[in-house]
Amino acid sequence: MQPMNETFPILTVMAVVPLAGALLLWLMPPLRRQGRVIGLLFSLATLGVGIWALTRFDMAQAGATQLAETHSWIPLLGVSWALGVNGLGLAMLLLTAFLVPLVLLASWGEVPADQQSLFSGLVLVLEAFVVVIFAARDVFLFYICFEAMLVPVYFLIGRFGGERRRRAALKFLLYSLAGGLVMLVGVVALFVYGPGGEGAYLIENLTGRIGGSTAAGRWIFISFFVAFAIKAPMVPLHTWLPDTAEQATPGTSVLLIGVLDKIGTYGMAALVLPLFPRESAWAAPVVLVLAVIGIIYGGLAAIAQDNLYRLISYTSISHFGFMVLGLFIGNQIAATGAMVYMVAHGLSIAGLYLVTGFLARRTGTVAISELGGIQRVMPLIAGTFLISGLASIALPGLSGFVPEWMVLTGTFSESVPLGMIAVLGVIIAAVYVLLPYQRVFTGAPARERVGSADLDGREKLVLVPVIAAMLALGLAPAVLTDAFEDVAAQVAAALDATGTTAAQAVSATAPAPADPAVAVVIAEGNTK
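The written sequence of each chain sets the order in which its residues are numbered from 1. It should be noted that, the model being predicted, local features are given only for residues of pLDDT at least 70 and side-chain atom pairs only at 80 or more, the latter also being counted only at that level, while totals for whole chains, interfaces and linings use all residues. In computing side-chain values, all of the structure's heavy atoms are included and hydrogens and water are not.

Chemist: Explain the overall build of the protein to me, please; I cannot follow it from the model alone.
Modeler: Counting secondary structure elements, the protein contains 23 helices and two strands. Taking the principal axes of the C-alpha coordinates as reference, the protein spans close to 70 × 65 × 40 Å. The buried label goes to any residue with under 20% of its type's maximum accessible area, the exposed label to any with over 50%, and the partly exposed label to all in between, with areas taken from a 1.4 Å probe on protein chains only. Within the protein, the proportion of its 528 residues that are buried is 60%. Look at the contacts in the protein between residues 6 or more apart in sequence, and 80% of them connect residues 24 or more apart. For the protein, the distance from the average position of its 26 positive side-chain charges to the average position of its 29 negative side-chain charges is 11 Å. Under the DSSP-based scheme used, a helix requires at least four consecutive residues in state H or I and a strand at least two consecutive residues in state E, with every element numbered from the N terminus. Every residue pair with non-hydrogen atoms within 4.5 Å of one another is taken to be in contact. For this count, His and the chain ends are skipped, Lys and Arg are scored as positive, and Asp and Glu as negative. Every charge is mapped onto a representative atom, which is NZ of Lys, CZ of Arg, CG of Asp or CD of Glu.

Have a look at this one:
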């Protein structure tokens, strides 16, 4: 399907606005004293451009690439500055633009005033790269920004955060660079085996036109998939995440897990599956097994944590397992759920990390064993943590319920064994949220905690939009499910390229219960 061109370069403007804000702070030192305000204003302007893009987007054709613009960039290599979004890409752009102002506003209490301009500038540069990544229609352009975004993230982790932040930043960088170098092999291979000529790296030109042997196609697929699996993060390539989340500031963790890690699952849906359908179907049985392992492992590891930041990071590993499962199971309902999950998880993770950061500022610790009775002293912090946690474990009426239910329903339709394992993850999720809540927030508070301040006005201004978004998505999920339906159909069709879905291969020797849909409903109901 050819992209629908836009007369005005809205997406380019959306990328340029935050970059302009960062350049302003860099080139005009006197303005750095107002770095907080400038960063917030430019991030809000970016959100405004995103809303403008939404008004120009035709939801009736959400499966098509819209707002497209194409300009030749490096003609010798067939590289283009080509942007455009379908329903999924637009949703990820809006999620990014929604979270960045909240992160900057939250940072006013966690980043020293004399470092605020640097923090704001790095966040704005990161936002510019992320906008291009979610809108890129050229694989080479996607790759350049995929690698370039590591620079601001490295400094956000290494300059701000805990005592071992530099070590965590280095670990993040090494893992990410390794994935990027592997992807580079695939990017070069696309030039060799692709159609070549003008627009050689355009996704619409590469789809269905990558030559070479079966083995070559599989190696190119692996090069892209490994890079996205590191970013996702999938077990066993996940070990950088807990260390990084423990040392980074809460705001950086929100961007890292709520937005940047979604580039992994977005890349699978937008690049890997459309460009390599047969190779994806070939690898899907292994991917599905790794996904359900991640669901269980992430949940059990979360239960074992004493540090709240590490606990939240491990819950995310479990949630990413659900997303990958939904994308690779070969079912439209599950794929739609996985895409909604990407947005819902971004909201719940923002609530959890930000409110935990506010708690840490007041208590000086995030160790579960050193906390208790916080609900009596800080009821708003306790309530926000509980709502965010319940959204993450898919309580009906909150943002996580519909996507998780869709992933499980679609999975059971294709593979009962995989569905049953995934349902165990739902049960584990209830434990890793409610048990820490009981230990941290219930009981009698320590004497030194009595009289501690609850959320102030600025912190309420940060958290209220997040809670409102979780409620809105929970009560009106059709806003996203309708937008993702056609995109999900394309993803599911790609995995049926061989005529036999991966789930059928996994389930070939397993017996199925009479009514798997009932099993999903019962499992969901018993854990909510």
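Chemist: It is not clear to me how a nonpolar patch on the surface should be interpreted in this structure. Could you clarify?
Modeler: Here a patch means residues that are over 30% exposed by relative accessible area and free of salt bridges, tied together within 9 Å if like-charged and within 5 Å if nonpolar (Val, Leu, Ile, Met, Phe, Trp, Tyr). Using a 1.4 Å probe, the Shrake-Rupley method yields the accessible areas, and only the shown protein chains count as cover for residues. Salt bridges are identified by distance alone: a Lys or Arg side-chain nitrogen within 4 Å of an Asp or Glu carboxyl oxygen. Residues Leu 76, Leu 77, Leu 181, Leu 184, Val 188, Phe 191, Val 192 and Tyr 193 make up a contiguous nonpolar surface patch of about 760 Å² in total accessible area. Residue position: Val 192 is located in helix α7 (residues 165-193). Taking the relative accessible area as the measure of exposure, Val 192 reaches 56% and is therefore exposed.

Chemist: Hey, could you run me through the packing of aromatic side chains in this one?
Modeler: What counts as a ring pair is set by centres within 6.5 Å for rings of Phe, Tyr and Trp (its six-membered ring), and what kind of pair is set by the plane angle: stacked under 30 degrees, edge-to-face over 60, tilted for all other angles. One pass over the structure, following the stated rule, counts 18 aromatic pairs. For the ring pair Phe 134 and Tyr 266, a centre distance of 5.1 Å and an interplane angle of 90 degrees mean the geometry is edge-to-face. Here the residue Phe 134 occupies a position in helix α4 (residues 116-135), and Tyr 266 occupies one in helix α12 (residues 262-275), the gap between them amounting to 132 residues. Side by side, Phe 134 and Tyr 266 carry an identical accessibility label, which is buried. Judged by centre distance (5.1 Å) and plane angle (45 degrees), the ring pair of Phe 385 and Phe 441 falls under tilted. Of this pair, Phe 385 sits in helix α17 (residues 379-392) while Phe 441 sits in helix α19 (residues 416-441), and the two are 56 residues apart along the sequence. Considered together, Phe 385 and Phe 441 belong to a single accessibility category, that of buried residues.

Chemist: Help me understand the nonpolar core in this model?
Modeler: By nonpolar core we mean a set of buried residues, namely Ala, Val, Leu, Ile, Met, Phe, Trp, Tyr and Cys, connected to one another through side-chain atoms within 4.5 Å. If you look at the biggest cluster of nonpolar residues, it comprises 182 residues, and the most contacted ones within it are Val 139, Phe 142, Phe 224 and Phe 328. For this core, the leading source of residues is helix α15 (residues 332-363), giving 19 residues.

Chemist: Would you take a moment to explain the pattern of salt bridges for this structure?
Modeler: Between side chains of opposite charge, a pair can form when the charged atoms approach closely. Inspection of every chain in the model, using the stated rule, returns seven salt bridges. A salt bridge links Arg 137 to Glu 204; the nearest nitrogen and oxygen atoms lie 2.5 Å apart. Taken together, the positions of Arg 137 in the loop between α4 and α5 (139-148) and Glu 204 in helix α8 (residues 203-206) put the pair 67 residues apart, joining distant regions of the chain. Looking at Arg 137, the relative accessible area reads 5%, which means it is buried. Accessibility expressed as a relative area gives 22% for Glu 204, which makes it partly exposed. A salt bridge links Arg 310 to Asp 243; its shortest N-O distance comes to 2.9 Å. Taken together, the residues Arg 310 in helix α14 (residues 308-328) and Asp 243 in helix α10 (residues 240-247) connect sequence positions 67 residues apart. One continuous salt-bridge network, built from bridges that share partners, spans Arg 164, Lys 171, Asp 243, Glu 246 and Arg 310.

Chemist: What should I look at first to understand the environment of Phe 385 in this one?
Modeler: Assessed through its relative accessible area of 6%, Phe 385 is described here as buried. Sequence-wise, Phe 385 and Val 355 are 30 residues apart; in three dimensions their C-alpha atoms are separated by 6.3 Å.

Chemist: Looking at this structure, how should I read the pairing of strand β2 (residues 79-85)?
Modeler: Looking along a regular strand, one sees the side chains alternate between the two faces of the sheet. Judged by how many residues are buried, β2 sits mostly within the fold: six of seven residues are covered. What sits between strand β1 (residues 66-74) and β2 in their antiparallel hairpin is a turn of four residues, with Gly 78 showing a positive phi close to 75 degrees. Being paired, for any two strands, means DSSP has found at least two bridges between them.

Chemist: Quick question: what am I supposed to make of the environment of Phe 322 here?
Modeler: Inspection of the secondary structure assignment puts Phe 322 in helix α14. On the accessibility criterion, Phe 322 (2% relative accessible area) is buried. Sequence separation of Phe 322 and Leu 288 is 34 residues, and the distance between their C-alpha atoms is 9.7 Å.

Chemist: Help me understand the environment of Val 377, please; the structure alone is not making it clear to me.
Modeler: Mapped onto the elements, Val 377 comes out in helix α16 (residues 374-377). Residue classification places Val 377 among the buried positions, given a relative accessible area of 14%. In this structure the C-alpha to C-alpha distance between Val 377 and Arg 449, which are 72 residues apart in sequence, comes to 7.2 Å. Once you skip the residues sitting within four places of it in the chain, Val 377 turns out to touch Pro 445, Arg 449, Val 450, Gly 451 and Ser 452.

Chemist: Got a minute to help me understand α17 in this structure?
Modeler: For α17, built from 14 residues, the straight-helix expectation of 20 Å at 1.5 Å per residue is met to within 8% by its first-to-last C-alpha distance of 20 Å. Those residues of α17 that sit buried are Ile 381, Ala 382, Thr 384, Phe 385, Ser 388, Gly 389, Leu 390, Ala 391 and Ser 392. Buried positions along α17 lie against α14, α15, α16, α19 and α20 (457-475). One or two residues past the end of α17 sits Ala 394, with phi positive at roughly 70 degrees. In this analysis, the expected span of each helix is defined as 1.5 Å times one less than the number of residues it contains.

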